[in-house]
Amino acid sequence: MSTNSSVNEFILLGLTQDPRKQKAIFGVFLLLYLATLLGNFLILVTIKRSRTLGSPMYFFLFYLSFTDACLSATIAPRLIVDSLSQRKTISYKECMTQVFSSHFFGCMGIFVLILMAFDRYVAICKPLRYTTILNRHVCSVLVILGWVGSCIHSSAQIFLALRLPFCGPNVIDHYFCDLQPLLKLACMDTYVINLLVITNSGAICTVSFIILLISYVIILYSLRNYSAEGKRKALSTCTSHFIVVVLFFGPCIFMYTRPATTFPVDKVVAVFYTIGTPLLNPLIYTLRNAEVKNAMKKLWCSKV
């Protein structure tokens, strides 16, 4: 427990307090969570075992699926269990752990999406130097830098969270611990800390989104010299990436680039990037990617 706090546990209100809706939430989100784990597990195993998916794009997709599965495992189980619990408590230490881990895997997901956009940029704009620029060593170093960056970001978040004093109110109107709802409970002026949250999380989301948009504009401009078939294939891959980017960054920017105010819609928006995106990523990348679909068919049909 923090030395600044007299609170040793919090109460999570969850998505709803209606008993009937809570039962529905249990069933729906349990299925979504299992589907998320299964979908990302299939991609992880397929990329690891398939000889045809050795390009840098699939190297980065492997880590995107891994971070998606971890982000979902950080948040979804408690939401599912709490939907059937009478008293939805989370200890102070568990709450701080959830703040750290959700930001760690969420930030890593952002960095991997940037790496995937960089991969598409090199593949389309500099195709002859693709394997030289993005060799396995370079890809590994980029992923390690992503892990380090995520650790720095989440460490800054947990440092801010641990400085918050809690003197009595301990009811969090959310389904997981995050800085925004915690700021409402703190018995201090949180203006400066909220500015630091916006500077940290908000800036990462907004700057990353702008970088990704610029990279896709450059890619689209470069496609003008491609054949019709080349354009179709490149656009198919880039469209998949862009759908994932919009689904993830839209809610993140909404949540982390504003003053310390909470809205009723916040919980629904948070569902998009904590539960929805980790589920949709494997679907988008498999349904829209012939190479992944074919590799899955070969691998899993031979197993069966």
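Structural data are supplied above this passage.
This one's a predicted model, so the numbers in the text were calculated from it and none came from an experiment.

Chemist: How should I be thinking about a nonpolar patch on the surface in this particular structure?
Modeler: Residues Tyr 191, Val 192, Leu 195 and Leu 196 make up a contiguous nonpolar surface patch of about 400 Å² in total accessible area. Here Val 192 is to be found in helix α7 (residues 191-222).

Chemist: What's the story with the packing of aromatic side chains in this structure? I'm lost.
Modeler: Two descriptors summarise a pair of aromatic rings, namely the distance from one centre to the other and the angle between the planes of the rings. Inspection of every chain in the model, using the stated rule, returns 16 aromatic pairs. Arranged with centres 5.6 Å apart and planes meeting at 20 degrees, the rings of Phe 104 and Trp 147 form a pair that is stacked. You can see Phe 104 sitting in helix α3 (residues 92-125) and its partner Trp 147 sitting in helix α5 (residues 136-162), a full 43 residues away along the chain. Classification of Trp 147 by relative accessible area gives partly exposed; the value is 22%. Ring geometry for Tyr 175 and Phe 176: centres 5.1 Å apart, planes at 55 degrees, overall tilted. For the pair shown, Tyr 175 and Phe 176 are each scored as buried. An aromatic cluster is present here, built from Phe 66, Phe 100, Phe 104, Phe 105 and Trp 147 joined pairwise through their rings. Geometry around Phe 62 places Lys 48 over its ring, the cationic atom sitting 5.3 Å from the centre.

Chemist: Teacher, can you tell me more about the nonpolar core here?
Modeler: Within soluble globular proteins, side chains that are nonpolar generally end up buried alongside one another. Counting 87 residues, the largest nonpolar core has Phe 10, Leu 61, Phe 166 and Leu 182 as the members making the most contacts within it. Element by element, the count of residues in this core is highest for α3, at 17 residues.

Chemist: Could you clarify how one ought to interpret the packing of α3 against helix α8 (residues 228-256) in this entry?
Modeler: The packing of two helices is summarised by the inter-axis angle and the distance between the axes. The interhelical angle for the contact between α3 and α8, taken along N-to-C directions, is 150 degrees, at an axis separation of 11 Å. Between α3 and α8, the crossing angle belongs to the class labelled roughly antiparallel. Crossing handedness for the pair α3 and α8: left-handed. Along its contact with α3, which presents His 103, Gly 106, Ile 110, Leu 113, Met 116, Arg 120 and Ile 124, the element α8 presents Ala 234, Thr 237, Cys 238, His 241, Val 244, Phe 248, Phe 249 and Tyr 256. Along the lines of polarity and charge, the residues of the contact of α3 with α8 split into 10 nonpolar, 4 polar and 1 charged.

The rules behind each value
Residues numbered from 1 in each chain as written. Predicted model: local features only at pLDDT ≥ 70, side-chain atom pairs only at ≥ 80, totals over all residues. Heavy atoms only, no water. Patch = residues over 30% accessible without salt bridge, like charges linked within 9 Å, V, L, I, M, F, W, Y side chains within 5 Å. Areas by Shrake-Rupley, 256 points an atom, 1.4 Å probe, with all protein chains shown as cover. Salt bridge = Lys/Arg side-chain N within 4 Å of Asp/Glu carboxyl O. Helix = DSSP H or I, 4+ residues; strand = E, 2+ residues; numbered from the N terminus. Phe/Tyr/Trp six-rings, centres within 6.5 Å; stacked < 30°, edge-to-face > 60°. Buried < 20%, exposed > 50% of the residue type's maximum accessible area, 1.4 Å probe, protein only. Lys NZ or Arg CZ within 6 Å of the ring centre and 35° of its normal. Core = buried A, V, L, I, M, F, W, Y, C linked by side-chain atoms within 4.5 Å. Axes fitted to C-alpha atoms, helices over the stretch in contact; angles between N-to-C directions. Parallel < 35°, antiparallel > 145°, perpendicular 65-115°, else oblique. Left-handed = near helix turned anticlockwise from the far one by under 90°. Contact = heavy atoms within 4.5 Å. Nonpolar A, V, L, I, M, F, W, Y, C, P; charged D, E, K, R; others polar.

Read these as geometric descriptors, not functional statements.
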